[in-house]
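Examining the three-dimensional arrangement
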Amino acid sequence: MDTEEIAKTAKAAFEESQLVSSSERVKALQVIRKQLELRKAEILAANAEDLKAAQAEVDASRMSHSLLSRLDLGRGDKWDSMLQGIDDVAALPDPTGIVTYASELDDNLELYRVTCPIGVLLVVFEARPEVVVNIAALAIKSGNAAILKGGKESNRTTVLLSEAVSEGLAQTAIPQKYIQTVQTRSEVSSLLKQDRYIDLVIPRGSQSLVRSIQNNTTIAVMGHADGLCSIYLDEKADLDKAVRVVVDSKINYPSACNSVETLVVHESLLQTVWPAVAKALLEVDVRLLCDPPTLNALQSLSPSPSNFKTHVEPATPDAYTTEHLSLVLSVITVPFLQSAIQHINAHSSHHTDCIVTESEEAGSVFCRAVDSAGTFINASTRFADGFRYGFGTEVGISTGRIHARGPVGLEGLMIYKYKLRSKDKFGHIVGDFGPGKRQYKHSAINASALPF
């Protein structure tokens, strides 16, 4: 099937599915979950083959270790979390048909703004094969059709995952081609031209991937290019909280887009909180790229940390615009809260930034002034995640200025339409309104659901 036909089929499946009930969508998710369980051994075996091939790429310096770690579907509880994400999405309220505005324009003339799906999504992602299932679940629940393209490094895994999804859909009233996958870059390039059928492109991956897609399509794009997150240690920071929050933000999953990459330190903490945080980071093998003040503070420590010479070095200017995605952290000193805010706004990717402080005023100022999708107080940046927010799972993170920002769950895959109903026996026409004629009432209607 050529790409125009793939896009056409997706649009037709979307249109066909709009009268499918919410309960049937939940049933589809439950059936897909069972199909995945039935094929677990086969899928994980394919994933092992993908990992083996990827390791060879890493050994040849053609792939990063961070990309390799994202590829492993059997790592920790990733498989179980993927299935739990399906359950969580299935249990969420139906996001469609919710009235967000209701007004009586005239007697028996009612206007409603009602949530509805966006349409056909094209989602392009790298490495993480579970994204196939995450996005399929969100698309099915929200009423959006989807075309998915995973990275070539996970082809064996994504093919089997998508087959399981299709086999599940075949047992429901939802069209089997509601979720489709493609395998090549050339197919993506062609799909980016199908603005007649595809309504939104969501890239998940490297900056180069996102920029390439943004520059090669007229279709709306939602996503983020980098996860350059920062933590600011305020002059009122508690030492123990600082250590816990910074260490978790860095080491919990270093290759994730919500891991911290820059630590901003108030100059009053150079001899107190900063050395304790640095020691804790060095103990867990984090390499520190320091500006002169933070470097000098560590050089005066006695005794010196055992790995000081191998893990502490001067930062270069580009350190503060680098997404390390590894056990590396850039560190810089500032004299004021406002200086920290200015540095973060100038250097971050507007993903998630945190302040560690005991001052409510400082926390409030930071959260209002930092221009990011997530602003946290005394909490790890790793909380910036659709699952942890209670969205079931997420289709990605948006750092843009469109209707969705931050982790994008079901609500972020909704748009709305206006529905107008006349209950007058003659209907309503605009010609009846104006000077000397009927006047609009614009009276609010209490409505939590559409009455028709």
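Our structure is the block above this text.
Please read these numbers as outputs of a predicted model, since none were measured by experiment.

Regarding the overall build of the chain
- Of the regular secondary structure elements, the chain holds 16 helices and 17 strands.
- When the backbone C-alpha atoms are referred to their principal axes, the chain occupies close to 90 × 60 × 35 Å.
- Here the chain holds 452 residues, and 54% of them are scored as buried.
- Restricting to contacts in the chain with at least 6 residues of sequence separation, those with at least 24 account for 75%.

Quick notes on unusual backbone geometry
- Residue Pro-303 is reached from Ser-302 by a cis peptide bond, and omega for that bond is 0°.
- With respect to the secondary-structure elements, Pro-303 resides in the loop between α12 (292-299) and α13 (308-311).
- For His-350, which is not glycine, the phi dihedral falls at a positive 65°.
- Considering the arrangement of structural elements, one finds His-350 in the loop between α14 (337-347) and β12 (352-356).
- With a phi angle near 55°, Asn-378 is a residue other than glycine that sits in the positive phi range.
- Mapping Asn-378 onto the fold places it in the loop between β13 (374-377) and α16 (386-389).

Some remarks on the environment of Lys-40
- Mapping Lys-40 onto the fold places it in helix α3 (residues 40-59).
- The class of Lys-40 is partly exposed, set by a relative accessible area of 31%.
- In this structure the C-alpha to C-alpha distance between Lys-40 and Trp-79, which are 39 residues apart in sequence, comes to 8.9 Å.

Re the side chain of Ser-166
- Checked against the element boundaries, Ser-166 lands in helix α7 (residues 155-169).
- Given a relative accessible area of 17%, Ser-166 falls into the buried group.
- Discounting residues that sit within four places of it in the chain, Ser-166 has contacts with Gln-176 and Ile-179.

A word on the pairing of β13
- Burial along β13 is one-sided: Gly-374 and Phe-376 are buried, while Thr-375 and Ile-377, pointing the other way, are not.
- Bridge count between β12 and β13: four bridges; the pairing is parallel. If you follow Asp-353 over to β13, its bridge partner there is Thr-375.
- With helix α15 (residues 360-369) bridging β12 and its parallel neighbour β13, the resulting β-α-β unit is right-handed.

Observations concerning the sheet that holds strand β2 (residues 109-117)
- A sheet is described by the order of its strands in space; here four strands give the open sequence β16-β2-β1-β17, paired in antiparallel fashion. The open sheet has two free edges, formed respectively by β16 (414-422) and β17 (443-444), since each of these has just one partner strand.

Some remarks on the pattern of salt bridges
- Summed over the entire model, instances satisfying the criterion amount to 19 salt bridges.
- Linking Arg-39 and Glu-167 is a salt bridge whose minimum nitrogen-to-oxygen distance equals 2.7 Å. Of this pair, Arg-39 sits in the loop between α2 (22-38) and α3 while Glu-167 sits in helix α7, and the two are 128 residues apart along the sequence.
- Exposure remark for Glu-167: the relative accessible area of 30% places this residue in the partly exposed category.
- Its salt-bridge partner being Asp-107, residue Lys-441 comes within 2.8 Å of it at the nearest N-O pair. Pair noted here: Lys-441 is in the loop between β16 and β17 and Asp-107 is in the loop between β1 (99-106) and β2, with a separation of 334 residues, a long-range link.
- According to the relative accessible area criterion, Asp-107 is partly exposed, its value standing at 41%.
- Several salt bridges converge on common partners, so that one network encompasses Arg-39, Glu-42, Glu-163 and Glu-167.

Notes on the packing of aromatic side chains
- This structure, assessed with the given rule, holds four aromatic pairs.
- Plain terms: the ring middles of Tyr-389 and Phe-391 are 5.7 Å apart, the flat faces sit at 85° to each other, and that makes the pair edge-to-face.
- Relative to Tyr-440, the ring of Phe-433 has its centre 4.4 Å away and its plane inclined at 5°; by these criteria the two rings are stacked.
- Tyr-440 gets classed as partly exposed once you look at its relative accessible area, which sits at 40%.
- In this structure, Arg-75 packs its charged tip against the face of Tyr-253, placed 4.6 Å from the ring centre.
- Taking NZ or CZ as reference, Arg-113 lies 5.3 Å from the ring centre of Tyr-416, over its face.

Topic: the pairing of β12
- Most of β12 is tucked away, with five of its five residues classed as buried.
- Taking every second residue as pointing to the same face, both faces of β12 are buried, with Thr-352, Cys-354 and Val-356 on one and Asp-353 and Ile-355 on the other.
- Here strand β7 (residues 229-233) pairs with β12 via four bridges, running parallel. Within β12, the residue paired with Ile-231 across the bridge is Cys-354.

Some remarks on the nonpolar core
- By size, the foremost hydrophobic cluster in this structure holds 65 residues, and its most contacted members are Leu-36, Ile-140, Ile-147, Leu-169 and Ile-179.
- Broken down by element, the residue count for this core peaks at nine residues, all from helix α6 (residues 131-142).
- Grouped together as the second largest cluster of nonpolar side chains are 35 residues, Val-246, Phe-308, Leu-329 and Cys-354 included.

Quick notes on the packing of helix α10 (residues 239-251) against helix α11 (residues 273-283)
- For the pair α10 and α11, the least separation of the axes is 9 Å and the interaxial angle reads 35°. Where α10 crosses over α11, the handedness of that crossing is right-handed. When α10 is examined against α11, the residues Leu-239, Ala-242, Val-243, Val-246, Val-247 and Lys-250 are found in contact with a partner set consisting of Val-273, Ala-276, Val-277, Ala-280 and Leu-281.
- Grouping the constituent residues of the contact of α10 with α11 by class yields ten nonpolar, no polar and one charged.

Conventions we followed
- Residues numbered from 1 in each chain as written.
- Predicted model: local features only at pLDDT ≥ 70, side-chain atom pairs only at ≥ 80, totals over all residues.
- Heavy atoms only, no water.
- Helix = DSSP H or I, 4+ residues; strand = E, 2+ residues; numbered from the N terminus.
- Buried < 20%, exposed > 50% of the residue type's maximum accessible area, 1.4 Å probe, protein only.
- Contact = heavy atoms within 4.5 Å.
- Pairing = 2+ DSSP bridges.
- Right-handed = clockwise from strand over helix to strand, strands pointing away.
- Salt bridge = Lys/Arg side-chain N within 4 Å of Asp/Glu carboxyl O.
- Phe/Tyr/Trp six-rings, centres within 6.5 Å; stacked < 30°, edge-to-face > 60°.
- Lys NZ or Arg CZ within 6 Å of the ring centre and 35° of its normal.
- Core = buried A, V, L, I, M, F, W, Y, C linked by side-chain atoms within 4.5 Å.
- Axes fitted to C-alpha atoms, helices over the stretch in contact; angles between N-to-C directions.
- Left-handed = near helix turned anticlockwise from the far one by under 90°.
- Nonpolar A, V, L, I, M, F, W, Y, C, P; charged D, E, K, R; others polar.

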